[in-house]
Amino acid sequence: IFKCMRHVEAAISSNIVFGAVLLVIAFGSNLIYTLCGEGASCGSLALALGMNTFSIAMSRKYGFDLQFPRLWVSTFFATLFAVTLLPFNSWIMIVAAMSIGAFVAPFIVNMDDYFVKQNHPE
């Protein structure tokens, strides 16, 4: 599951933007968990699944040109594993992280500049 993160970082090619995406997914899912659950939590599985759905969303948005991995199968089985074996409070954080990774985080990253550099080198 964590293998996706290094591929996403390589595709983004900016440590600041990659860190911003990680923080948005981590803090956003913790905020939703705090509002709906019982206090804050530290969920690395939720963060990894959020990054996987972010990678899937970016691949869908920009196509295969940027080499964002599409990890449908591993994301599905990890989510299925988490939903069946972890308590209900973890579901809130996992679903929140996956939703933020799929719908909110892609707005942070603008890869159009990357396409301009690729097509018009200086």
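As the structure is a computational prediction, the values presented were derived from the model and not from experiment.

Here is what the cut-offs are and how they apply
- Residues numbered from 1 in each chain as written.
- Predicted model: local features only at pLDDT ≥ 70, side-chain atom pairs only at ≥ 80, totals over all residues.
- Heavy atoms only, no water.
- Helix = DSSP H or I, 4+ residues; strand = E, 2+ residues; numbered from the N terminus.
- Expected span 1.5 Å × (residues − 1).
- Buried < 20%, exposed > 50% of the residue type's maximum accessible area, 1.4 Å probe, protein only.
- Arc of directions from axis to C-beta.
- Core = buried A, V, L, I, M, F, W, Y, C linked by side-chain atoms within 4.5 Å.
- Contact = heavy atoms within 4.5 Å.

S.K.: In this structure, what is going on with helix α4 (residues 72-85)? I would like to understand it.
M.R.: Along an α-helix, residues three or four positions apart point the same way, because every turn accommodates 3.6 residues. With 14 residues, α4 ought to run about 20 Å at 1.5 Å a step, and its terminal C-alpha atoms sit 20 Å apart, in line with that. Here α4 has its buried residues at Thr75, Ala78, Thr79 and Ala82. Buried residues along α4 cover an arc of 100° about the axis, so they all sit on one side. Exposed residues pointing more than 90 degrees away from the buried face of α4 are listed as Val73, Thr84 and Leu85.

S.K.: What am I meant to see in the nonpolar core here?
M.R.: It is characteristic of soluble globular proteins that their nonpolar side chains tend to be buried jointly. Counting residues in each nonpolar core, the largest one holds 29 residues, and the members touching the most others are Val8, Ile25, Met51 and Phe54. At the level of secondary structure, the elements contributing two or more residues to this core comprise α1 (3-12), α2 (15-36), α3 (44-62), α4 and α5 (88-104). Broken down by element, the residue count for this core peaks at seven residues, all from α3. Residue contacts for methionine 51: discarding those within four places in its chain leaves Cys4, Met5, Val8, Phe18, Val21, Leu22 and Ile25.

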